[in-house]
Structures are given as structure tokens and as C-alpha cells.
Amino acid sequence: MIVCSNCKHTNLDGAMFCAECGAQLVGRENLITQNITTKQFEDSSKDRPAASDMYQPFDGSDAWGSLHLLDTGQVLPLSVRNEFTMGRISEGQPIMPDIDLSPYQAYAAGVSRLHGVIKRDGNRVIFMDLGSANGTYINGKRLTPNVEQVLNHGDIVALGKLKMQILVRNS
Amino acid sequence: MPFNKQDHYAILGVFRDASQEEIKRAYFEAAQRLHPDKNVAAGETELFLEIQKAYEILSNPKRRNLYDATLPPEIEVNSALKHEILFSRPNLVSLSEPQLVYALLEIGTRAEKDSLPTPPLNICLVLDRSTSMQGDKMDMVKATAIQLLRSLRPEDVLSVIAFSDYAEVIVPAAINMDIKKQEGRIQMMQASGATEIYNGLQAGLKEIRRTLDPSRVNHIILLTDGQTYGDEQACLKLAEEAAAHNVGITGMGIGNDWNDIFLDALAGKTGGSSAYISKPKDIQRLLVDKFNALISTYADDVLLEFKIPEHVKLNYVFRLQPEVGSVEIEIPMHLGPILRDTPLHVLFEFLVSPPALADDTVELLNGALKASITVRPTPVPPIRINLKREVHNNPSMDPPPSRILSALSQLTLYRMQERARAAADQGQYDSASRHLKNLATHLLSQGEHSLAKTALFEADNLERMHAWSAGGTKNIKYNTRALLLAGQKEKTK
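First, a word on what this report is: a plain description of the structure on this page.

What follows deals with the overall build of chain B. Looking only at helices and strands, chain B features 14 helices and 16 strands. Across chain B, contacts joining residues at least 24 apart in sequence account for 76% of those joining residues at least 6 apart. For chain B, the exposed surface amounts to about 22,100 Å²; the carbon and sulfur share of it is 51%.

Below, the structure is given as C-alpha cells:
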């Protein structure tokens with residue numbers, strides 16, 4: 001028996017596509033469950049960089065903030081719009097996130113398809129978890145889903161296991 | 001054409017282990033086709049004599065034994081057709097629950113496509129002229145029929161039947177007719193009356209049989225815009241009769257009021273399929289396309305005779321090309337035509353139950369493919385098809401062949417709309433609507449925005465009004481079919 005990872009329909013062994021939702025069942029990597037222990041978070045808050053050596057991405061662009069991915073060191077600027085949904089794009093998905101994290105191993109890190117939303121409200125930057133499967137942690141503390149949380153410059157946001165530092169431009 | 005003149009089995013088109021019954025049947029079939037009283041083509045009398053000689057030897061057990069002793073070992077090479085079989089996985093797994101396995105059968109021509117002559121046509125257009133055809137539809141049908149008549153080559157035959165409550169021969173089947181006069185007769189067709197498909201089909205078959213010839217492509221094209229009432233079973237019987245005479249049927253439905261399931265079943269009996277014409281202006285394009293496909297026919301209807309062992313079930317058979325459609329599971333199975341430039345691709349889904357796994361190897365299907373090739377008068381030796389898989393303890397980690405994977409991904413979409421329809425027919429509108437939404441999601445991810453929108457629109461209709469919109473089912477069905485065809489074409493390029 002094969003359980004479809006998309007809709008939990010049980011398919012006969014040997015099936016290649018889910019009979020219920022049509023999602024592909026074989027020929028692609030399996031979802032690996034990862035354990036995230038609190039210790040890892042404690043460790044991660046320790047490596048939180050001091051304010052002095054924090055990455056300064058603002059080179060005259062009009063970004064109001066940016067996301068610094070700690071694992072890969074990449075920086076995603078947040079500009080033009082005031083609100084971005086974050087998640088990963090996968091096949092057969094009706095709603096696309098504004099920021100697709102799938103190039104950064106989002107799948108393996110346990111990021112949901114539609115994980116959370118980051119937005120600007122005046123000078124404040126707010127994050128809200130949209131009921132993700134593996135949760136969102138800010139500086140190691142788990143957020144209550146669908147409740148807004150103000151972010152400060154330099155906070156570490158973890159979507160599942162994918163950690164990023166939030167950099168806010170002071171206007 | 002490389003052809004071993006000495007092999008009497010090949011001449012009759014039977015296997016070497018054929019029973020006397022089979023040999024007799026093959027002889028009668030070939031003799032009917034090639035009898036000198038009927039056939040005047042050069043060289044065919046010689047073929048007839050060869051067949052007679054082969055039968056004389058093989059029908060006598062003593063002489064057959066003597067002859068068998070002189071035969072070189074059998075070489076399983078078919079001179080006219082080549083085939084390939086792909087499986088979804090290299091082996092079955094020893095399991096205590098039922099499992100699925102897919103097989104993709106591809107059959108094509110062995111000859112270079114440019115070196116083949118095109119077969120002459122023997123086509124009958126069976127046109128609905130019920131009251132509902134009045135206006136645009138009728139004008140377009142007339143114009144197209146005349147266009148086709150003018151485009152005929154001297155060796156082609158085109159007859160035209162118009163039917164409503166009764167059928168009338170508009171253009172009889174004949175060679176070298178006065179085209180101007182026939183055009184006038186087509187122009188004079190008037191729309192009136194009800195749709196009774198049986199009448200039209202019967203007259204069409206009668207007309208086509210006047211010039212019936214195995215070296216031609218014999219085909220009936222039925223064009224209708226309405227439902228026939230009460231004579232469906234009789235029509236299906238007629239289609240079986242047509243298939244027995246090697247006459248193919250294509251059903252084309254115009255607008256929203258015709259019964260696509262019935263037309264599919266009707267055409268399916270002969271290995272054909274149905275087509276959907278949403279607007280009158282498409283009539284011309286679809287008919288001309290169909291004509292071109294018929295001209296490039298290599299083998300008209302490939303038959304699969306087969307046996308399936310106990311505990312194995314053939315769940316579903318689907319033709320991916322040249323015409324997309326599901327194939328009715330019956331013995332023999334009509335798989336459909338092989339075109340000169342488009343091989344036949346058929347996908348099989350087998351359900352294997354645990355008791356079948358007792359041996360090391362499981363036989364899924366054992367049978368033979370038979371085809372008659374239009375440009376070749378002699379029988380083609382059948383191709384043995386024996387599908388089997390070994391049973392292992394662990395599933396293989398190899399990814400499935402990409403051709404099967406992509407075929408199945410498209411087919412999954414088609415089956416989703418079938419399921420939605422079945423659910424709606426049973427009054428389960430919620431589940432039908434869910435299937436359609438799932439379908440829409442996949443269509444969107446493939447960039448098929450307009451079809452996805454249609455699917456969502458129908459899902460909404462089902463939820464709110466518990467009904468499809470007019471033409472909704474056909475729209476989704478035939479457009480997903482078209483998608484399948486496009487997917488296949490892209491791959492071969």
C-alpha cells in the first residue's frame with residue numbers, strides 16, 4: 001500500500017499516481033522526517049551574530065528589509081510590496097507563495113507550502129505563521145499559528161529547520 | 001518486402017503450433033480475400049495459389065509433420081511490424097496485498113514511411129440531417145463533403161448517406177463518378193426529422209460493402225448532433241458486424257446534445273474513437289484531419305487475442321495514440337489502427353492478487369497481435385505477446401521508465417475527469433466537484449489555464465446546482481484527450 005503524501009489516500013502497491021488527487025507517487029524523493037530538538041535551537045541562538053558583525057545588505061536599494069539565510073548565506077531583499085507569503089512551490093499546488101524557499105532545501109527543512117507571512121506595518125515588521133506543519137520559531141520560541149508577532153532587527157526566524165535572520169532597514 | 005516464400009505458416013499468417021481449426025480459419029479468410037473470381041489485381045492469383053498449396057500441406061497432419069521436419073528453426077521476426085513493451089517496474093514484489101503493474105505496448109511499421117504506397121480509400125460519410133442540424137451546421141457539413149469529394153484521388157471511393165428517421169443514399173459508392181452531379185445532390189440535402197442512428201449506420205455499411213476491399217481503408221464517418229433513442233444496442237451490433245468486415249467507424253458529435261459515451265462505445269467496437277466538434281466551423285478541420293489520418297493508415301485495426309491467468313485482472317486499457325481513448329476489454333480487443341508515421345501506443349493496467357505470486361514468474365497476459373496491412377495482400381504473421389514479470393522479495397529502486405511515467409501522468413488527468421463524471425452520475429456531487437478541483441490544480445501546474453478554469457467552473461456548478469453546464473462534460477473530456485495527444489506528439493519530436 002502506498003499512502004499519498006498529498007491527500008493521504010491509500011493506493012495499491014505499484015500505483016504511480018494517486019487515484020484520488022493525481023499526485024505522483026513514485027520516481028521522486030521521499031519525504032524524510034527530521035527531528036528537531038530544543039538543544040539545536042539553544043545552540044543556534046548562541047551563534048546569533050553580534051550586532052556589530054551583522055550583515056548589512058542595504059546598498060541604496062529600496063528594500064525595507066531582507067532575509068539572510070543562515071545555512072547558505074544568501075540574502076533575499078524585501079521590497080516593492082509590503083507583504084510576502086513564504087513557503088515552497090511544489091507540483092499541483094493551487095496557491096503559490098510570494099517567496100519560494102524550495103531552492104534552499106526548504107523541503108528537507110520542513111517548510112510548509114504556505115508557511116507564513118512577513119509584512120511591514122509602518123516601522124514595524126510583523127511575522128505570522130499560517131498554520132504550518134512544523135511551526136515557526138523566533139529565537140527558538142515557537143509561534144502560535146495565525147497570531148502576529150513583531151520582529152526585531154537581527155531576530156532568527158526558523159521555518160521548520162530553515163533558519164534565517166531578519167534584517168530590518170531603519171527608515 | 002522481405003518475405004520467406006517457403007514458409008507456409010507465414011503465408012497463412014498462423015503460428016507453427018497452430019491447431020487444425022486455426023489453420024482452416026486462416027485459410028478461409030485468406031481465400032475469401034484473394035479468390036481469383038473476386039480479385040483481378042496482378043500477382044494476386046499467384047498468392048492465392050501459394051495459400052492453397054500451404055493449406056494443402058498444413059491441413060494434412062502427415063504432410064504437415066514431414067514439412068515441419070524440413071523447417072529451419074523459427075525466427076521470431078515479423079517482417080512488417082515491430083513492437084516494444086515497457087513495464088512500470090522491473091519485477092513484482094512478494095506481498096500479501098494486491099498490487100498494480102503497468103505495461104506500455106508500442107507497435108509501429110518496420111518499413112520506411114516514405115517507401116510505403118498510400119492505400120486507396122473506401123469511405124462512407126453518414127450525415128445526420130435531423131431538424132437540429134439546420135443552419136450553420138448543415139451548410140458546413142455540405143461544404144466539407146463537397147470539398148472532400150473534390151479532393152479524392154481516382155482510386156478512392158466516397159459515398160454519402162443522409163439520415164433522419166430514414167436513410168437516403170446521397171452519393172452511392174462507385175469509382176469514377178460524375179462529381180458535378182454528386183455535388184448537386186449534396187447541395188440539395190434538407191434538414192428535417194429526428195435522429196435515428198441505426199438507419200444511417202445500416203445504410204452506410206451497406207454502401208461501403210459494395211466496394212469493400214481489404215486493400216482499401218474501409219471506414220464509416222458518422223456525423224451527428226443528437227441522441228438516438230432506443231436503437232443503441234442494435235447500433236452496437238452493427239458496429240461489431242462492421243468490425244468483422246474490417247470496416248472502421250469514427251463518431252463525430254457536433255454541439256452539446258449527443259451521447260459521447262455511446263459514440264465512443266460504437267467506434268470502440270472497431271478500434272476507432274469519437275471526436276467532439278464544439279463549433280460548426282470546426283467541422284471542416286476535423287473531417288479533413290480524419291481523412292488525412294485515414295490515408296496514412298498502415299494497418300487498420302490491430303486485434304489482440306489474449307488469455308489472462310487467474311488472480312490477474314486487466315483493469316484498464318487505454319490507447320495513447322494515434323487516437324486517444326479507452327479500449328474496451330473484450331476478446332479480441334480492438335486496439336485501433338497503426339498509421340504510417342504514428343505508431344500505436346497502448347497502456348495496460350494489471351491488478352495482481354497475492355495467490356498469483358506463488359511462482360517465481362507471474363504471467364500477466366498471453367496472447368497474439370493480429371493486424372492486416374492495407375497495402376499488403378497476404379496475411380501478416382501474428383505477433384506473440386507474452387507479458388510476464390519475476391517476483392522478488394524487495395521492490396526495485398529503479399525509477400520507472402520515463403515514457404510510462406509521462407504517459408501515466410497525462411492519463412491520470414483523463415481518469416480524474418472520468419471519475420468526476422461517474423461520481424456525478426451517482427449523485428455524489430461533492431466528490432465529483434473535489435475530483436474536478438484536483439484536476440484543475442494539475443492543469444494549472446501544467447499551464448493549461450483555460451481548461452483548468454473550465455474544470456473549476458464545472459466544479460462550482462456541481463456544488464451549487466448539482467448539474468453540469470451544457471457541454472461541460474464533453475469540453476473537459478475531449479480537451480484532456482487533446483492534451484494527452486499533444487503530450488505524446490511532443491515526446492516523439
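So that's the structure; there's more coming.
As a further point, take the interface of chain A and chain B. Across the contact, 20 residues belong to chain A and 23 residues belong to chain B. Our count for the contact surface shared by chain A and chain B stands at two salt bridges. Two residues, B:Arg434 and A:Glu20, come together in a salt bridge whose shortest N-O distance is 2.7 Å. If you look at where chain A meets chain B, you find six residue pairs in polar contact (both at pLDDT 80 or more). By residue class, the composition of the side of chain A that touches chain B is 11 nonpolar, six polar and three charged.

Here we take up the pairing of strand S13 (residues 162–168) of chain A. Residue and element names in this part refer to chain A. Taken across its seven residues, S13 has six buried, putting it largely inside the fold. As paired strands, strand S12 (residues 156–159) and S13 are joined by four bridges and run antiparallel to one another. Directly across from Leu159, in S13, lies its bridge partner Leu162. Count of turn residues in the S12/S13 antiparallel hairpin: two residues, of which Gly160 carries a positive phi of about 65 degrees.

It is worth spelling out the pattern of salt bridges at this point. Within the structure shown, the criterion is met by 28 salt bridges over all chains. The partner of A:Arg124 in a salt bridge is A:Asp121, and the shortest N-O contact between them spans 2.9 Å. Overall, A:Asp121 belongs to the partly exposed group, its relative accessible area being 41%. B:Asp460 is the partner of B:Arg464 in a salt bridge, and the nearest nitrogen-oxygen pair spans 3.1 Å. Placement of both B:Arg464 and B:Asp460 in helix H13 (residues 449–465) is noted, with a separation of four residues, approximately one turn of the helix. Connected through shared salt-bridge partners, B:Asp260, B:Asp264, B:Arg421, B:Lys477 and B:Arg481 make up one network.

In this section: helix H6 (residues 179–187) of chain B. Residue and element names in this part refer to chain B. Every buried residue of H6 is listed here: Gln182, Glu183 and Ile186. Around the axis of H6, the buried residues are gathered within 105 degrees of arc, so they sit on the same side. Seen from the open side of H6, the exposed residues pointing more than 90 degrees away from its buried face are Lys180 and Lys181. For H6, the secondary structure elements touched by its buried residues are helix H5 (136–150), strand S5 (157–163) and strand S6 (167–171). Sitting at the head of H6, Asp178 places a side-chain oxygen 3.2 Å from the backbone nitrogen of Lys180.

The mixed open sheet is built from five strands, whose spatial order is S6-S5-S7-S8-S11 (chain A). Edge strands, defined here as strands with exactly one partner in the open sheet, are strand S6 (99–100) and strand S11 (148–151) of chain A.

All names here are of chain B. Interhelical geometry of helix H7 (residues 197–210) versus helix H8 (residues 232–244) gives an angle of 15 degrees and a closest axis separation of 9 Å. As the angle between them shows, H7 and H8 are arranged roughly parallel. Handedness of the H7/H8 crossing: left-handed. Note on element contacts: H8 touches H7 through Ala234, Cys235, Leu238, Glu241 and Ala242, opposite Ile197, Tyr198, Leu201, Gln202, Leu205 and Arg209. Its residues assigned to classes, the contact of H7 with H8 shows eight nonpolar, one polar and two charged.

Criteria and cut-off values
Residues numbered from 1 in each chain as written. Chains lettered and ligands numbered in written order. Predicted model: local features only at pLDDT ≥ 70, side-chain atom pairs only at ≥ 80, totals over all residues. Heavy atoms only, no water. Helix = DSSP H or I, 4+ residues; strand = E, 2+ residues; numbered from the N terminus. Contact = heavy atoms within 4.5 Å. Areas by Shrake-Rupley, 256 points an atom, 1.4 Å probe, with all protein chains shown as cover. Salt bridge = Lys/Arg side-chain N within 4 Å of Asp/Glu carboxyl O. Polar contact = N/O pair within 3.5 Å; in protein donor to acceptor, adjacent residues only side chain to side chain. Nonpolar A, V, L, I, M, F, W, Y, C, P; charged D, E, K, R; others polar. Buried < 20%, exposed > 50% of the residue type's maximum accessible area, 1.4 Å probe, protein only. Pairing = 2+ DSSP bridges. Arc of directions from axis to C-beta. Axes fitted to C-alpha atoms, helices over the stretch in contact; angles between N-to-C directions. Parallel < 35°, antiparallel > 145°, perpendicular 65-115°, else oblique. Left-handed = near helix turned anticlockwise from the far one by under 90°.

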